[in-house]
Amino acid sequence: GENVEQHPSTLSVQEGDSAVIKCTYSDSASNYFPWYKQELGKRPQLIIDIRSNVGEKKDQRIAVTLNKTAKHFSLHITETQPEDSAVYFCAGMEYGNKLVFGAGTILRVKS
Amino acid sequence: NAGVTQTPKFQVLKTGQSMTLQCAQDMNHNSMYWYRQDPGMGLRLIYYSASEGTTDKGEVPNGYNVSRLNKREFSLRLESAAPSQTSVYFCASTGQGGTGETQYFGPGTRLLVL
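Quick caveat: nothing in here was measured; it's all calculated off a predicted structure.

Draft legend 1. Seen up close, the overall build of chain A. For chain A, the helix and strand inventory stands at zero helices and 11 strands. Going from the N terminus to the C terminus, chain A shows its helices and strands as β-β-β-β-β-β-β-β-β-β-β. Computed over the C-alpha atoms, the radius of gyration of chain A is 13 Å, within 12% of the 13 Å expected from 2.2 N^0.38 for a compact globule of 111 residues. By principal-axis analysis of the C-alpha atoms, chain A measures approximately 40 × 30 × 20 Å. Scored against the burial criterion, the 111 residues of chain A give a buried share of 45%.

As structure tokens, then:
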């Protein structure tokens, strides 16, 4: 089955700087990679996703890139703000439309 | 639309007690999922139901059972709770079953087993 590894486990940035979180996956058949944001005590919420026929996708300050050959994908947040502080999870989709999540990255944006 | 709802929000059990976590969605979704979330381990799939009438094991099914009661409701049962089952439990659902559809999560149930 799919295995997803996520790095780093914690990330501290200064407000206004960029943040990058990286994930690798094992199943070359995976074709859907969502990113979820989870604020303290809240439920995970989808912030962006990418399918394997696309190399990059942007939504305002958030972008995701996918390298199918290397089997890794990354989340990029530009011009970080304090409200970006949260736990971010990447995921890959394995057979049966099941998501396999990375262990999460705690992002702290210091003002 | 309430989306995905879960009850209870918080529960304390003693070792060996049983309980059922309830989940319902009002988005006419086919697929529903139960995850547990532990510190440093992300979200791990316990059981899922691809459609009404079907259920399958996920990554960590031991100690749990599920029932897909109808299209809206998917319950998770702990027959004999153990301290290792202390966790936050999330229910999720997704649309028509096509690849890459957004999973919507419920607010979670925090379970403490003493």
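Draft legend 2. Inspection of the interface of chain A and chain B at higher detail. Counting from both sides, the interface comprises 19 residues of chain A and, opposite them, 22 residues of chain B. Surface buried jointly by chain A and chain B totals about 1,700 Å² across both partners, of which 52% is contributed by carbon and sulfur atoms. Summed over the shared surface of chain A and chain B, the number is zero salt bridges. Seen at the junction of chain A and chain B, the total is three residue pairs in polar contact (both at pLDDT 80 or more). Looking at the side of chain A that touches chain B, the elements with two or more residues in it are β4 (32-38), β5 (45-51), β9 (86-94) and β10 (98-101) of chain A. Its residues placed into classes, the side of chain A that touches chain B shows nine nonpolar, six polar and four charged.

Draft legend 3. Representation of the sheet that holds strand β8 (residues 74-78) of chain B. Residue and element names in this part refer to chain B. Here four strands make up an open sheet; going across it, the order is β1-β3-β8-β7 and the pairing antiparallel. Looking at which strands have only one partner, the edges of the open sheet turn out to be β1 (4-7) and β7 (64-68). When strand polarity is set aside, the average angle formed by the axes of neighbouring strands in this sheet is 20°. Here strand β3 (residues 19-25) runs beside β8; their pairing, made up of three bridges, is antiparallel. The residue of β8 that forms the bridge with M19 is L78.

Draft legend 4. Up close: the pattern of salt bridges. All names here are of chain A. Under the counting rule described, the total for this entry stands at eight salt bridges over all chains. Here D49 and K57 are joined by a salt bridge, their closest N and O atoms 2.8 Å apart. For K57, a relative accessible area of 34% corresponds to the partly exposed category. In this structure, the salt-bridge partner of D84 is R61, at a minimum N-O distance of 2.9 Å. Of this pair, D84 sits in the loop between β8 (72-77) and β9 while R61 sits in the loop between β6 (56-59) and β7 (62-67), and the two are 23 residues apart along the sequence. Accessibility expressed as a relative area gives 23% for R61, which makes it partly exposed. A network of salt bridges, in which partner residues are shared, links D49, R51 and K57.

Conventions we followed
- Residues numbered from 1 in each chain as written.
- Chains lettered and ligands numbered in written order.
- Predicted model: local features only at pLDDT ≥ 70, side-chain atom pairs only at ≥ 80, totals over all residues.
- Heavy atoms only, no water.
- Helix = DSSP H or I, 4+ residues; strand = E, 2+ residues; numbered from the N terminus.
- Rg over C-alpha atoms; globule rule 2.2 N^0.38 Å.
- Buried < 20%, exposed > 50% of the residue type's maximum accessible area, 1.4 Å probe, protein only.
- Contact = heavy atoms within 4.5 Å.
- Buried area = accessible area lost by both parts, 1.4 Å probe.
- Salt bridge = Lys/Arg side-chain N within 4 Å of Asp/Glu carboxyl O.
- Polar contact = N/O pair within 3.5 Å; in protein donor to acceptor, adjacent residues only side chain to side chain.
- Nonpolar A, V, L, I, M, F, W, Y, C, P; charged D, E, K, R; others polar.
- Pairing = 2+ DSSP bridges.
- Axes fitted to C-alpha atoms, helices over the stretch in contact; angles between N-to-C directions.

Geometry only, nothing functional implied.
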